[in-house]
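This is what each chain is made of:
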Amino acid sequence: MRRTPRSLGLSTALLLSATTVVALGDVTATAAAPDPTPGVRPFAGGAGSTYSAAVTPAPAPDASARKKYQWPIRSRTGTLTTHPVTPQGDLSQNFESVKVIQDRLKGRMVAVVVLQAAPTEATDARLRVGFGKVEETEEGAFCQSTSGSVAGDVHSYGTSGAYDGETITYGAQLAGAKTQAWNCAFAQMISPDGGTLYDAVTKSGLRERRQKPILSIKVPDKRLQRSGFTKVPIKIRNSKQTIATAPKVKLTWKTKGAVVKARKKVGTIKPGQGKKGKFLVRSTRRDRTGSIKFTVKSKNYKRSVKLRIRPVNRPIASRPTLRG
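Just so it is clear, the model here is predicted, and its values are computed rather than measured.

Criteria and cut-off values
Residues numbered from 1 in each chain as written. Predicted model: local features only at pLDDT ≥ 70, side-chain atom pairs only at ≥ 80, totals over all residues. Heavy atoms only, no water. Helix = DSSP H or I, 4+ residues; strand = E, 2+ residues; numbered from the N terminus. Buried < 20%, exposed > 50% of the residue type's maximum accessible area, 1.4 Å probe, protein only. Contact = heavy atoms within 4.5 Å. Areas by Shrake-Rupley, 256 points an atom, 1.4 Å probe, with all protein chains shown as cover. Pairing = 2+ DSSP bridges. Phe/Tyr/Trp six-rings, centres within 6.5 Å; stacked < 30°, edge-to-face > 60°. Lys NZ or Arg CZ within 6 Å of the ring centre and 35° of its normal.

Notes on the overall build of the protein chain
Regarding its fold elements, the protein chain presents one helix and 22 strands. Counting the 324 residues in the protein chain, one finds 41% classified as buried. Long-range contacts, defined as pairs at least 24 residues apart, comprise 73% of the intrachain contacts of the protein chain with a sequence gap of at least 6. Split by element, the accessible area of the protein chain, about 17900 Å² in all, is 48% carbon and sulfur.

Points about the pairing of strand 10 (residues 167-173)
Pairing of strand 5 (residues 108-115) with strand 10 involves seven bridges; the strand directions are antiparallel. Bridging from a neighbouring strand, Ala111 pairs with Tyr170 of strand 10. Where strand 9 (residues 163-164) lies against strand 10, two bridges are found, and the strand directions are antiparallel. Considered in strand 10, the bridge of Tyr163 is made with Ile168. The loop that links strand 9 with its antiparallel partner strand 10 comprises two residues; one of these, Gly165, has a positive phi angle of about 65°.

Considerations on the packing of aromatic side chains
One pass over the full model with this rule turns up four aromatic pairs. Here Trp253 and Phe294 contribute two aromatic rings whose centre-to-centre distance is 6.2 Å and whose plane-to-plane angle is 65°, an arrangement assigned as edge-to-face. Residue Trp253 is located in strand 17 (residues 246-256), and its partner Phe294 is located in strand 21 (residues 290-298); the two are separated by 41 residues in the primary sequence. Residue Phe294 is classed as buried on the basis of its relative accessible area, which comes to 0%. Judged by centre distance (4.8 Å) and plane angle (65°), the ring pair of Phe279 and Phe294 falls under edge-to-face. Here the residue Phe279 occupies a position in strand 20 (residues 274-283), and Phe294 occupies one in strand 21, the gap between them amounting to 15 residues. The residue whose ring lies beneath Lys264 is Trp253, and the NZ or CZ to ring-centre distance is 5.8 Å.

Focus on unusual backbone geometry
Even without being a glycine, Lys248 presents a positive backbone phi close to 50°. Phi at Arg288 takes a positive value of approximately 55°, unusual for a residue other than glycine. Among the structural elements, Arg288 can be located in the loop between strand 20 and strand 21.

Notes on the sheet that holds strand 10
Strand order in this open sheet of six strands is 9-10-5-4-3-13, and the pairing throughout is antiparallel. If you trace the sheet from one side to the other, it starts and ends with strand 9 and strand 13 (207-210), each paired once. In the sheet, strand 4 (residues 95-103) pairs with strand 5 via eight bridges, with the strands oriented antiparallel. What sits directly across from Phe95, in strand 5, is Leu115.

Dropping the structure here:
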């Protein structure tokens with residue numbers, strides 16, 4: 001085991017060390033979002049306006065099926081296959097399907113667009129993808145874009161890594177992606193001059209993926225005193241790779257061959273932040289071995305770390321040289 005100069009400098013008989021970390025339960029639910037670049041020749045003005053597309057409203061979720069506590073939504077996804085208009089133009093200007101992802105952690109959108117044929121330079125068109133909220137009017141239901149919900153228009157034909165035959169992988173930062181509760185999405189294929197709508201696809205009722213905190217427990221290697229209690233630092237941290245704040249975090253423990261004294265209430269830990277504290281530990285076995293299992297809990301999330309207590313081999317004292 002690796003020992004630091006600080007731990008070796010303490011005159012003690014036992015070593016407390018973290019050996020394994022065990023995650024209990026589902027830790028995260030994240031969007032499998034690639035990191036593509038948009039078309040190399042973007043049209044201007046796509047992000048500055050608002051748009052709407054006819055949509056079929058999805059049924060409202062069953063309130064009775066909701067759990068007692070809901071972790072925040074990390075991502076929203078949907079596959080757009082409903083055509084609210086009659087497609088026109090070339091097959092390469094018509095949609096087969098569009099999959100969209102709203103990644104709240106990164107504040108971005110990813111769209112995988114599949115056309116009915118591979119576009120050419122001659123059939124190049126504006127590709128517009130965006131999110132919105134369903135609005136029902138006398139004329140029907142529409143997916144209405146909101147501020148910061150639509151990426152700038154890009155060309156459907158290109159030679160960068162975003163283009164692969166009839167498939168276009170389109171990614172962009174969206175101003176509202178971190179905060180907006182969008183419930184629909186749409187994609188439009190428009191003529192280069194913006195005067196003709198070739199095709200559109202929509203989706204209402206996006207799939208929501210929630211994310212729990214990602215808590216870690218850090219305890220440094222520490223030599224314990226021969227008798228009495230030893231004060232050991234402990235740090236509980238919430239990863240910055242989650243959007244979930246951990247409320248009312250509690251620390252519990254189970255021991256074998258040891259006695260632990262610690263504060264159970266930790267408090268609330270926001271993403272990217274942590275709480276520092278200390279606990280007291282004393283070995284109770286003659287063979288100086290044992291273990292401590294610390295568990296942090298927040299609502300229905302928990303994570304554990306197991307610490308082992310073992311004897312430390314003391315160096316053999318050098319013997320004096322005999323002289324005759």
